[in-house]
Structures are given as structure tokens and as C-alpha cells.
Amino acid sequence: MVNGSKAFSAPGKAMLAGGYLVLDPKYISYVIALSSRMHSVVNTTSLEDKVDANKIHVTVSSSQFNNDQWVFDMKYLNGGFFPEEVNGLKNPFLKMALFNVFNYFKPTLSATPDINIEIFSDAGYHSQNDSDIKRNQFKHFNFHKNTITEVPKTGLGSSAGLVTVVTTALISVFNNSLDVTSAKDLNQIHNLTQVAHCQAQGKVGSGFDVAAATYGSIVYRRFVQELITNLPETFQGDDLKDYQEALTKLVDNTDWGIKNDVIRLPHGLRLIMGDVNSGSETPKLVAKVKQWYESNLPRSLEIYTKIDEGNRNFIKFITELNELHDNDETKYKALIKTLETDHENVMSHPEFANIKNAVSVIRENFRLITKESGADIEPEVQTQLLDKCLTLKGVLTGMVPGAGGYDAISLLTTVDTDLKKQTYGNLEFQNVTWLDLEQADVGVVEENPEHYKNFI
Ligand SMILES: Nc1ncnc2c1ncn2[C@@H]1O[C@H](COP(=O)(O)OP(=O)(O)OP(=O)(O)O)[C@@H](O)[C@H]1O
Ligand SMILES: C[C@@](O)(CCOP(=O)(O)O)CC(=O)O
């Protein structure tokens, strides 16, 4: 059991290449973890101070959002744990994180204290309108008068980050030697989080968001969805023995077959996210693209193959930039500087032309799918915006991240490029809010719990 408090955080995500294709384990994706992080602070009562000696209560507080709080009674029936929110409040992500961690560790009820978890989320995950910043000497967070479900999201993967840090916090209660720098423990966090996140969402996406929250910036290939869909169905009060055995086997003794090669953006380059402020419905987009793909075979496979080639070339040439830096830093820095000082001639440098051409292939084919499927992956207004962005000094390339749609654009620029200044007052960019985000190379990290006190 954790003595005192522990704290953890996990990053948000932006998928720069691989959207839709990554739903098929044949294809890989390029996912950048972001500096906006989800945080959890966990502590336990003493056994004597439990609310009820014959129960386990887990209280999760999200004070940033109207002081939201969920109190789960971990009902113990037939050898299994069924989380029940005592006031009938809903949060499927918290519920499934609790369900899976408790049925994985199967703690002794009388020897398990009550657990308190506080959640904090960095500003980038949600609209900052109607919020006040509260800070201490270490951190600051936006505090909203509205409950979490009423605050607009920005697409950085809030639920994936939430389930990751809550799962990690709960594991730390049952495993006092949890080490989030160890591959074994990170894989346990990843596996339990993927199960809970998919069950909470009621669908099995590629899982790239949970993988990035756990491992950081990665080249990612998904697991086969049957790993999760083949888990026994469970209903309140069931004998969970079969589920618990299947879950333990899946978490501890199954090769998920994912690819999670840690990467980092080339030195001197940074990711700039532009929030265009009109949300997209990812599940609807995915359904339309799937319908298009299945109705247009074998041509749709040819188009996917072209996009995959673009994705792989993007990854290849971005990686080669990193290698150029390592081999000849002076030449590399001079090359990067030309993005600012000689932007008109960016295509004269093969190192840049290769990356830009790869992204052009991806975008061109996504526009084709947009036209044919009715899924607005790169709609005209985004095409125009991206093409204008490519003319800005310091910009190497840009794309719609993840599922695309109307809500965001991602640009790769030099670290010294100031897009806010370059586009200030320019009506062509009036609908874009440049987010103060950086790429984050690491996934789950342990934090200092003292840094989450006395926000004013
Ligand atoms: N700070 C938080 N505290 C409590 N619950 C949260 C918090 N952040 C997210 N959630 C939960 O996650 C849900 C949002 O998850 P959902 O799957 O709808 O979007 P998402 O794809 O994760 O969002 P996005 O990728 O746009 O950030 C919220 O409705 C809430 O249930
Ligand atoms: C369309 C998809 O490939 C990516 C969705 O990315 P995002 O939620 O738009 O960041 C879905 C998935 O990978 O689960």
C-alpha cells in the first residue's frame, strides 16, 4: 500500500502521420506526445480510518471542474470487484480503470484502505474560456465553473491521459515498488489502461492515444482488437473468476505485438498545434472512411498503400534529419536556419523536399478520400489554411492531425519561429489559435506530490 502520497503524469498526443490506416495492424503511425499533461495524486487512509471496515471506498476528485467528485464503493461480490458510484454519478473512464485494476490485483478487502485520487489536467486539453488560473510555486491549472462534460475539449486525448494516470495511481497502491521507468511496469500500465479505456469508450480504436500517454512520442503499430474484445463479458454480480484469469493472462503473459519505438522530433524543430475551434466527430469520420474503403476495393487499398508510403517516407526522412544532426551538427544547424532565412527556396534542399513531398502524398490522398467518402478529413477550408501556413517563414510542413476534420492543424517549424507574431492581424489566420504546446518525449512519469497543494 502506498505510504503517504504519490503523483504521476502522462502526456497528450498528436498523430502527425498514420490516421485511419493505423486502425489496421498492417500500418504504422507517427505520434508526438505533447507537453499538456494529465496528473494524478494518490493517497490512502489508514485501515482504522476507513469509511466502512467492510468496504473499500475510492474517491476521485477533479477540483478543476466545478469541484467534480466521484465516490466509488468497490462492491465485492463472488470474488470480484464492481465499482459503484455512491451518488449515481457517471464517469465510465474512472469506473473501468477501477474495475480492471482491482480485478487484476484482487486485494483483500479488510486489508485494503480507502483510496483518494486527485486529478489535474493541463490547460491544453480543454477550452480555457470561463476559467480562472490558480497556481502554487510549482504548477498552475485552469479552474472551471462547469463540470468536465460541459467544457469543450481540444482533441489532445484527455480520456486516454486520465485512464493512464488513474491506472498508474491505483497500481502504485497495490505495488509499492512500482517503477515507471521500467519497461515491465510501463507495459503493465499500458495493458491495463488499454483494456479500461476501450471498455469505457465502448469501442476499440487503434489505442495510439494510450500508447503515447504511456510511452511518449513513438512510431506506433496497434495491437489486434481481439485481445480486448475476446475478454469475457461481465455483468454486475457475475462470478468474475474467468474474467480475472483472462485479464491477468492478457496483462502479464500476452505479446500484444505493438510497435512503440521511442522517437523525438529533429533538433531545432518543434510542433505547433493550431486550434481551429470547430470540433470533429472522430467515430463518425472513422465509420465513413471504413464504409468508403470496403466499398471501393481494390482501388481503396491502392490509395491506402500510397498513403502508407507517404507515412513511411515522412518517418524515414524525419529520422534522417536527426541522423544529419548527430553526424554534422554545424551543417545541420545551417540547414535548419534556411527555413527562416531562405524559406522561398526550401524545396532546393533534398532533406526538406523529401519530407514535404511525403506529406504532400499523404494530404493529396486524404483529400481524395475526403471527396469520395464524405468524411471531412482534409476539407477545403483546412487545405487552404494549411497551404497558407506553408508560406510562413520557418514552417517546414503541416497536416491535419489524427482523424483530421475541422478542429486542428499541426505544423513543424523551427523552434525560433513565432507564428503568433507572424500571423498577428492577418485575417487569413483569424480562426486559428496557436496553442502553447511543446512536444514531450516522455510518457508516464512520477511527480512530486508536494507540487499539487494550495493552489490559489
Ligand atoms: N480532468 C478530468 N477529470 C475527470 N474526467 C475527465 C477529465 N478529463 C477527461 N475526463 C473524462 O474523459 C471524457 C472525455 O473523453 P472522450 O473519449 O469523450 O474524449 P477524448 O477523445 O478523450 O477527448 P480529446 O481527445 O478531445 O481530449 C470526459 O467526458 C470525462 O468523462
Ligand atoms: C482515426 C484514428 O486513426 C486517429 C484519431 O486521432 P484523433 O482522435 O483525431 O487525434 C482513430 C484511431 O487511431 O483510433
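Predicted model only: the values in this text are computed from it and were never measured.

Cut-offs used in this document
Residues numbered from 1 in each chain as written. Chains lettered and ligands numbered in written order. Predicted model: local features only at pLDDT ≥ 70, side-chain atom pairs only at ≥ 80, totals over all residues. Heavy atoms only, no water. UniProt positions renumbered as here; feature names shortened; annotations may be inferred. Helix = DSSP H or I, 4+ residues; strand = E, 2+ residues; numbered from the N terminus. Pairing = 2+ DSSP bridges. Contact = heavy atoms within 4.5 Å. Axes fitted to C-alpha atoms, helices over the stretch in contact; angles between N-to-C directions.

A.B. asks: So what exactly am I meant to see when it comes to the UniProt feature "domain: GHMP kinase N-terminal" (unreviewed entry) in the protein chain here?
C.D. replies: According to UniProt, the "domain: GHMP kinase N-terminal" (unreviewed entry) feature falls on residues 141-216. With 58% helix and 5% strand, residues 141-216 has end C-alpha atoms that lie 22 Å from one another.

A.B. asks: Would you mind showing me how to read the sheet that holds strand β11 (residues 269-275) here?
C.D. replies: As a general point, the strands of a sheet are linked pairwise by backbone hydrogen bonds and lie either parallel or antiparallel. Here we have four strands laid out as an open sheet, ordered β12-β13-β11-β14, and antiparallel in their pairing. Two strands in the sheet have a free side with no partner beyond their single neighbour: β12 (395-399) and β14 (433-434). For β11 and strand β13 (residues 408-414), the ladder comprises seven bridges, and the chain directions are antiparallel. Directly across from R270, in β13, lies its bridge partner T413. Its contacts with the sheet place helix α11 (residues 380-389) against β12, β13 and β14, and it is angled at close to 10° to β13.

A.B. asks: Quick question: what am I supposed to make of the pairing of strand β4 (residues 68-77) here?
C.D. replies: For a regular strand, side chains alternate in direction, first toward one face of the sheet and then toward the other. Sheet topology note: the strand β3 (residues 57-62)/β4 ladder contains six bridges and is antiparallel. Among the inter-strand pairings, S61 is bridged to a residue of β4, identified as Q69. Hairpin connection between β3 and β4: a loop of five residues separates the two successive antiparallel strands, and N66 in this loop has a positive phi of roughly 55°. Where β4 and strand β5 (residues 80-85) come together, six bridges link them in antiparallel fashion. Paired with M74 across the strands is P83, a residue of β5. Taken together, β4 and the strand that follows it, β5, pair antiparallel across an intervening segment of two residues, in which N78 is found at a positive phi of about 50°.

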